[in-house]
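Coordinate inspection notes
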There are 4 protein chains.
Amino acid sequence: MILKALRYGMIGGGPGAFIGNVHRIAARLDGLYSLTAGAFSSDFHKCKETAAELNIARAYPSWAEMLQAESALPADERIEVVVIVTPNHLHAEASISALEAGFHVILDKPLCTSMEEAKAIREAVHAAQARGLHFCLTHTYSGYPMIKEGRAQVAAGRIGHVRKLYVEYPQGWLSTLLEGDGQKQASWRTDPARSGRVGAMGDIGTHAFQLLEYVSGERVTEVCADLRAVVPGRALDDDGAVLFRTASGASGVLIATQVAAGEENNLRIRVYGEKGGLDWQQADNNSLVIKALDAPEIRLRAGGPGTSAISQKHTRVPAGHPEGYLEAFANLYRNFAWQIAASRGLHEADPDLDFPGISDGVRGMAFIDAILRSQGTFVPLKD
Amino acid sequence: MILKALRYGMIGGGPGAFIGNVHRIAARLDGLYSLTAGAFSSDFHKCKETAAELNIARAYPSWAEMLQAESALPADERIEVVVIVTPNHLHAEASISALEAGFHVILDKPLCTSMEEAKAIREAVHAAQARGLHFCLTHTYSGYPMIKEGRAQVAAGRIGHVRKLYVEYPQGWLSTLLEGDGQKQASWRTDPARSGRVGAMGDIGTHAFQLLEYVSGERVTEVCADLRAVVPGRALDDDGAVLFRTASGASGVLIATQVAAGEENNLRIRVYGEKGGLDWQQADNNSLVIKALDAPEIRLRAGGPGTSAISQKHTRVPAGHPEGYLEAFANLYRNFAWQIAASRGLHEADPDLDFPGISDGVRGMAFIDAILRSQGTFVPLKD
Amino acid sequence: MILKALRYGMIGGGPGAFIGNVHRIAARLDGLYSLTAGAFSSDFHKCKETAAELNIARAYPSWAEMLQAESALPADERIEVVVIVTPNHLHAEASISALEAGFHVILDKPLCTSMEEAKAIREAVHAAQARGLHFCLTHTYSGYPMIKEGRAQVAAGRIGHVRKLYVEYPQGWLSTLLEGDGQKQASWRTDPARSGRVGAMGDIGTHAFQLLEYVSGERVTEVCADLRAVVPGRALDDDGAVLFRTASGASGVLIATQVAAGEENNLRIRVYGEKGGLDWQQADNNSLVIKALDAPEIRLRAGGPGTSAISQKHTRVPAGHPEGYLEAFANLYRNFAWQIAASRGLHEADPDLDFPGISDGVRGMAFIDAILRSQGTFVPLKD
Amino acid sequence: MILKALRYGMIGGGPGAFIGNVHRIAARLDGLYSLTAGAFSSDFHKCKETAAELNIARAYPSWAEMLQAESALPADERIEVVVIVTPNHLHAEASISALEAGFHVILDKPLCTSMEEAKAIREAVHAAQARGLHFCLTHTYSGYPMIKEGRAQVAAGRIGHVRKLYVEYPQGWLSTLLEGDGQKQASWRTDPARSGRVGAMGDIGTHAFQLLEYVSGERVTEVCADLRAVVPGRALDDDGAVLFRTASGASGVLIATQVAAGEENNLRIRVYGEKGGLDWQQADNNSLVIKALDAPEIRLRAGGPGTSAISQKHTRVPAGHPEGYLEAFANLYRNFAWQIAASRGLHEADPDLDFPGISDGVRGMAFIDAILRSQGTFVPLKD
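About the criteria used
Residues numbered from 1 in each chain as written. Chains lettered and ligands numbered in written order. Predicted model: local features only at pLDDT ≥ 70, side-chain atom pairs only at ≥ 80, totals over all residues. Helix = DSSP H or I, 4+ residues; strand = E, 2+ residues; numbered from the N terminus. Rg over C-alpha atoms; globule rule 2.2 N^0.38 Å. Buried ≥ 20, exposed ≤ 12 C-beta atoms within 10 Å, placed from the backbone. Contact = placed C-beta atoms within 7 Å. Nonpolar A, V, L, I, M, F, W, Y, C, P; charged D, E, K, R; others polar. Pairing = 2+ DSSP bridges. Least-squares fit on C-alpha atoms with pLDDT ≥ 70 in both. Domains from an automatic or database assignment. Expected span 1.5 Å × (residues − 1). Axes fitted to C-alpha atoms, helices over the stretch in contact; angles between N-to-C directions. Parallel < 35°, antiparallel > 145°, perpendicular 65-115°, else oblique. Right-handed = clockwise from strand over helix to strand, strands pointing away.

Moving on, we get to the overall build of chain A. Within chain A, the regular secondary structure consists of 12 helices and 15 strands. Here chain A has a C-alpha radius of gyration of 21 Å; the compact-globule value for 383 residues is 21 Å, and the two agree. The dimensions of chain A, computed from C-alpha atoms along their principal axes, are 70 × 50 × 35 Å. The burial tally for chain A puts 62% of its 383 residues in the buried class. Pairs at least 24 apart in sequence give 68% of the contacts found in chain A among residues at least 6 apart.

Attention now goes to the interface of chain B and chain D. The interface of chain B with chain D comprises 11 residues on the first partner and 11 residues on the second. Taken together, the residues of the side of chain B that touches chain D sort by class into five nonpolar, two polar and four charged. Bridge count for strand 14 (residues 297-301) of chain B against strand 14 (residues 297-301) of chain D is three bridges, and the pairing is antiparallel. Bridge pairing in strand 14 of chain D links B:Arg299 to D:Glu297.

With that settled, consider the relation of the copies chain B and chain D. Least-squares fitting of chain B to chain D yields an RMSD of 0.0 Å, with the transformation described by 0.0 Å of translation along the axis and a rotation of 180°. Taken together, the rotation and translation relating the two chain copies correspond to the operation of a two-fold axis. Using C-alpha coordinates, one finds that chain B approaches the rotation axis most closely at B:Ile298, a distance of 2.1 Å. Interface residue correspondence from chain B to chain D reaches 100%, placing this contact among same-surface, isologous pairings.

By a frequent convention, interface size equals the accessible area lost on bringing the separate parts together. Each side of the interface is counted separately: chain B has 49 residues, and chain A has 49 residues. Per-element tally for the side of chain B that touches chain A: the top contributor is strand 8 (residues 220-228) of chain B, with seven residues. Here the residues of the side of chain B that touches chain A are counted per class, giving 22 nonpolar, 11 polar and 16 charged. In the sheet, strand 8 (residues 220-228) of chain A pairs with strand 15 (residues 379-380) of chain B via two bridges, with the strands oriented antiparallel. Bridging from a neighbouring strand, A:Glu222 pairs with B:Pro380 of strand 15 of chain B.

Let us look at unusual backbone geometry. A negative phi angle is the norm for most residues apart from glycine, just as the trans form is the norm for most peptide bonds. The omega torsion of the bond from C:Lys109 to C:Pro110 falls at -10°, within 30 degrees of zero and hence cis. On the secondary structure map, C:Pro110 appears in the loop between strand 5 (104-107) and helix 5 (115-130). Look at A:Asn55: it is not a glycine, yet its phi comes out positive at around 60°. By the element assignment, A:Asn55 lies in the loop between helix 2 (44-53) and strand 3 (58-59).

On to the relation of the copies chain B and chain A, then. The two copies are related by a screw operation: chain B maps onto chain A through 180° of rotation and 0.0 Å of translation along the axis, at an RMSD of 0.0 Å. When you check the interface residues of chain B against chain A, 100% turn up at the interface there too, and the contact is symmetric in its surfaces.

What follows covers the sheet that holds strand 1 (residues 6-11) of chain B. Residue and element names in this part refer to chain B. Spatially, the six strands line up as an open sheet ordered 3-2-1-4-5-6, and their pairing is parallel. Each end of this open sheet is capped by a strand with a single partner; those strands are strand 3 (58-59) and strand 6 (135-137). In this sheet, strand 3 lies alongside strand 2 (residues 33-39) in parallel orientation, the contact comprising two bridges. Bridge pairing links alanine 37 to arginine 58 in strand 3.

With that settled, the discussion passes to the domain arrangement of chain A. Residue and element names in this part refer to chain A. Each domain of chain A was delimited in the assignment, giving domain 1 (6-140 + 334-361) and domain 2 (145-317). Taking the mean C-alpha position of each, domain 1 and domain 2 sit 25 Å from one another. Domain 1 puts 13 residues into the contact, and the matching count from domain 2 is 15 residues. By residue class, the composition of the side of domain 1 that touches domain 2 is five nonpolar, five polar and three charged.

Before going further, it helps to spend a moment on helix 11 (residues 325-343) of chain A. All names here are of chain A. With 19 residues, helix 11 should cover 27 Å at 1.5 Å per step; its first-to-last C-alpha distance of 28 Å lies within 8% of that length. By the criterion of burial, helix 11 is predominantly enclosed, with 14 of the 19 residues buried. Taken from the residues just after helix 11, glycine 345 is the one with a positive phi, measuring 80°.

Glancing now at the environment of D:Glu149. All names here are of chain D. Topologically, glutamate 149 is positioned in helix 6 (residues 145-155). Here the alpha-carbon distance between glutamate 149 and serine 308, two residues 159 residues apart in the chain, equals 6.6 Å. Setting aside its immediate chain neighbours within four residues, glutamate 149 contacts Leu288, Leu300, Thr307, Ser308 and Ser311.

Once that is clear, we can look at the packing of helix 6 (residues 145-155) of chain C against helix 9 (residues 200-216) of chain C. To describe two helices that pack against each other, one gives the angle between their axes and the distance between the axes. Residues and elements named next belong to chain C. Relative orientation of the contacting elements helix 6 and helix 9 amounts to 45°, with a least axis distance of 7 Å. The orientation of helix 6 with respect to helix 9, classified from their angle, is oblique. Counting all contacts with helix 6, which are made through Ile147, Gly150, Arg151 and Val154, the residues of helix 9 involved are Leu211, Tyr214, Val215 and Ser216.

The side chains of a regular strand alternate between the sheet's two faces. Residue and element names in this part refer to chain B. Burial of strand 2 is extensive: six of the seven residues sit out of reach of the surface. Judged from the six bridges that link them, strand 1 and strand 2 form a sheet pairing that is parallel. Counterpart to methionine 10 in the pairing with strand 2 is glycine 38. Of the crossover connections in this fold, the one passing from strand 1 over helix 1 (residues 19-29) to the parallel strand 2 is right-handed. Crossover strand 2 to strand 3 through helix 2 (residues 44-53) is right-handed.

What follows covers the sheet that holds strand 1 (residues 6-11) of chain D. Residue and element names in this part refer to chain D. Spatial strand order, 3-2-1-4-5-6: six strands in an open sheet with parallel pairing. Strands with a single pairing partner mark the edges of an open sheet, and in this sheet they are strand 3 (58-59) and strand 6 (135-137). Pairing of strand 5 (residues 104-107) with strand 6 involves three bridges; the strand directions are parallel. Note on strand 6: the bridge partner recorded for isoleucine 106 is cysteine 136. Against the sheet, helix 1 (residues 19-29) touches strand 1, strand 2 (33-39) and strand 4 (81-84), its axis set at about 150° to strand 2.

Right, dumping it as structure tokens:
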């Protein structure tokens, strides 16, 4: 692609952050971005520390100052993209401000903490789009090649009309009251003031939800949920399960838990239709198993025979050289850069190079809203 | 064991039956049973055909006649055990009659078709036990060595207090309206008159339910279910998912479906506690994966190092020689014979050599009752 | 099958034996055999002990006496089949005598301990065949349904002309000098007087060799081997690797070791041809993976869609109910009984119901002979 | 790390190249390198095309001109590192010249095409090291965290004294005469003029060899090989197997083939010692299975509990977020940059941050030499 690396500024991602570094690697991987400025922390000392580590000259004491100062720079110097990787409670204000200041925005998920915020961001995104600006919400998992393959297979009718969906995201790292020890990742994620109304469901449940709608093309219309705070003393849910139904008559189960002790990050999605099914799990992310009613199971491999153009466009090395989470993340960044370049007339837009955006974010908030309304309809079992 | 092979008579299991043959293999495997009589079909011609194939001299036109005639034979000639493998609607009457006629009974699951029947059978079993008779309900999966290992590990506190349970039993064979073509297995299982009030939930959901209580030692106290007849024209549920809670405060999800097109028989159970978790699936039945919060995953193997005496007593060959479904089934038969022999004073009873019985059956019926009462509590998702 | 259970007598298989019990289970599984007599041990006391445990009336002090006494019984009482499960050094004499005495013979592998013995047995088998007697050598692994499927797929040209073969049989149980502690299985297998000229290569290498020729249809013509006694103090090889070439120009590697500490019984075979390959391993014995040059990998499952009639005839339960080692063993017994019944005119012979015989045994001895002749042709690596 | 991104120039890696792009991604991933100049192709037009795609201003018509011109630039402008990704026949001359011109060198494997070249490069590397220059040979697989973990476990005595080693690298992509169609990757790899005396053994066999010595700490002293050109018309070996012995008395098998039709890149290594074994395969690169004689198998996971500091230093994201081939490659680049920075006194050297170098390269050439000398010592198998 004939595109000079996009200059970007990062909000959040200071010392101890996990996802900020992931974004930076994703931005680097294909050479399409250049980290130019940062408001890495609300503590300016820490911000400068991170800037120094990264050899970044333009460190700002706050994101508001970054937006203002960068806007004032000449067009060929100022940042073009703002990447937001703060805790959830800052998502709405920061992303709306960045869009209004004329920057493309890449925002870490979940979109925000309420439907009201979600609608405000949607409005800002739509207004910005009219001015040629783009918005990406980093639901990483939709960047995996074999997830895109799964979506393509369902869309092409490979498994027939969809009937059943099972998506699960078990983690174990919050099995103890880590926030009691001040662990940074645990602390903000379990704090209603920074995480929002939900814990696990916002953190990983929205990922699972986005993935199920993305792969299957189904839209969830009804939910029946059981959210729980399993670890004593925890303020937000660390566990949940949701029965759901879709507009087309399919149904399924979504599981998201952070108290499955011993589990890492075992995201898995299975979709069954009239003629077959598909099965993908992050632990074997370069494979997609396709099952059929009357034929043996096949295992598609990233970049391998039988895959569609869409997934092939999301691999970098020949089949058998495993790619992973960082490459999936980088796919979102690559596709976003491609979209910006297309807007600039540098090449044709390519609909295969998609990325999650505002509608995924709003759906996620609607999902959270619905499950919070659905609690408590069990009947006793008696023998 | 110094026990002459137990003479048994079979009710059901004629031409086209699946489970009848499984019972016969299970009975043969350890040489502890001898098939002596049969009322294999309500069609006497077919019954005699099966008897001839099996080289069995005593074929009866009905199970009632078998019970009567065998009772009249000398003690050292008549059958000692009655094995019942008919469709569900005959379970109650046949098993009660057999017990009352003085025979030990091995009954295929589910116990019966209603709580009323369940209670009547329970009464008969208790009365019979007072007379030294035993009753086994063949929930096969509890006979797997690594299921017993899982139960032992939970009981020993390996994973700590149980918090989460996930059990799933996906099959795909009823993805089309097989009963429309008269396929024997599909026809009775989807027919309310022979299967009872539920389809998939009775056929495989009760297996999943028994397994979860057996492995975890938990007792389910509340359920929230979504049962569905997915295939158009089907009279009973072919799919379902159940959220549940247990007496000790744990919770979980049970999935049973027969419309996961392309799936075989993919029973899996996962249990997580405060300190770790365990994971078993039938497709790799000789392994039990144990996860821990702060230690690497280990994989116990049937008969291998680190396993307990209880699972070792349920293997026949050294580790690495795979055993499977028929051996698990045979374990129930072996343990039942051992129990009878212990009653006869031939050796000590061994509590490790257990088998599912009347209480498992009553629990299963209570589970069915509860999920039938719990339908319909979804809320809309709106964006 | 309309066949009265075949009466058989067993030579070997007394207290502490592993394989004797496996044979007895295999014989029981389909109800086609009845254990009627036994010379279970050279120690008559132990023999009677085993006979009592098994409820067998006819215990003999020696196999010679068993052959003689049984021959003298009326035809409808005497045994019809002799099963030989002794250490290797007795195989030749016992099997030749049994055949000459007019019995069908099932012999545990390896055939014997030398080419001279092998040729003598071959002569006896051929003479006996002329009199309507059959001979089976229990190379168990060829009884697995998915091994038969693999053979069928290669024969049908699925992978094209065969080019590469990899077969490996790693075990770890002889990683220490178990024979020093008198462990029964280790003691005879590592003793030249009872095991013969080779240890691991006779015990498991011959299995691997039979499997590679059986599945691929290739005939090995040249070998280059490295046999080793890895554990200090061991008298026979406990480890080996063999490069080989076949008549059709293919080549490959055979590995058999009993010092791969931590391994159970991890037999695996891979065959590659011009168009694709296949991969089977005992640890997942109900699957056969088929790879192709220009198509995605498929996974055939025992009894599942896409399998051939031959493998389907070697399963007992629907796909997804795992069968294993004992069922594979029982397939040899079933097929042998079927062959005897066909000889008696009870039904048509079925070429799909095959079992390993004298030619497999002679090939195995020729393999041992060749590798013993091939030792010692390494060159130094110098930098 | 406080290090300005290292400026590097690339030799090779023009249109159609595979490994050039991999190096560029690896260089970008951690932000420690900046591609500044290139002699990407012997065709200057193609070179400029690649330079334009990559937004690189300094494109050179030949590598010699690049070395000369860059040497003439001021120290803070000229490249600091030369990356060589040409076919093998250019490795020696280009790397020696680059070292002599005062640049650090990263060279793609194999080192070169003969022992003579290898010794000349070794001399140049040693001379350059005396002047503070470093040399890296990109044996990628040694950059995987769980390979480093395996090496650490062996070194710590986890499996005891090493006895057996099995390493295999099966690919299928050369199953047909691709070079006949002019496919770029196939063409040079199968051409003696550009690849050297060996094909598959140089391309992937040297990787397997490096890995086995790296993980086990063993040194191969003797080999017995069978190299073959399986595909008709091919000039170099596309397949081989090697029996080997090590200085400490261990032995093993190395397999490298490019005609295993249907295989991708299935590198696997197993090492067994007196007390246990370990098993790693690229297809599941984030796991390391550890087996033990008397304990259950455990599965270490990259970044997970039970891993050593050394492997933890080679992961970027928490356990369960899969990393892969590109990250392994980037680990070599990161460690090389770290070493340069340590030489410059920017921080302490860290012996855990190693990378393959000249001695790995010389060993690889010695391995090729030895297997070329060892051919042809088979004996016939006769029955």
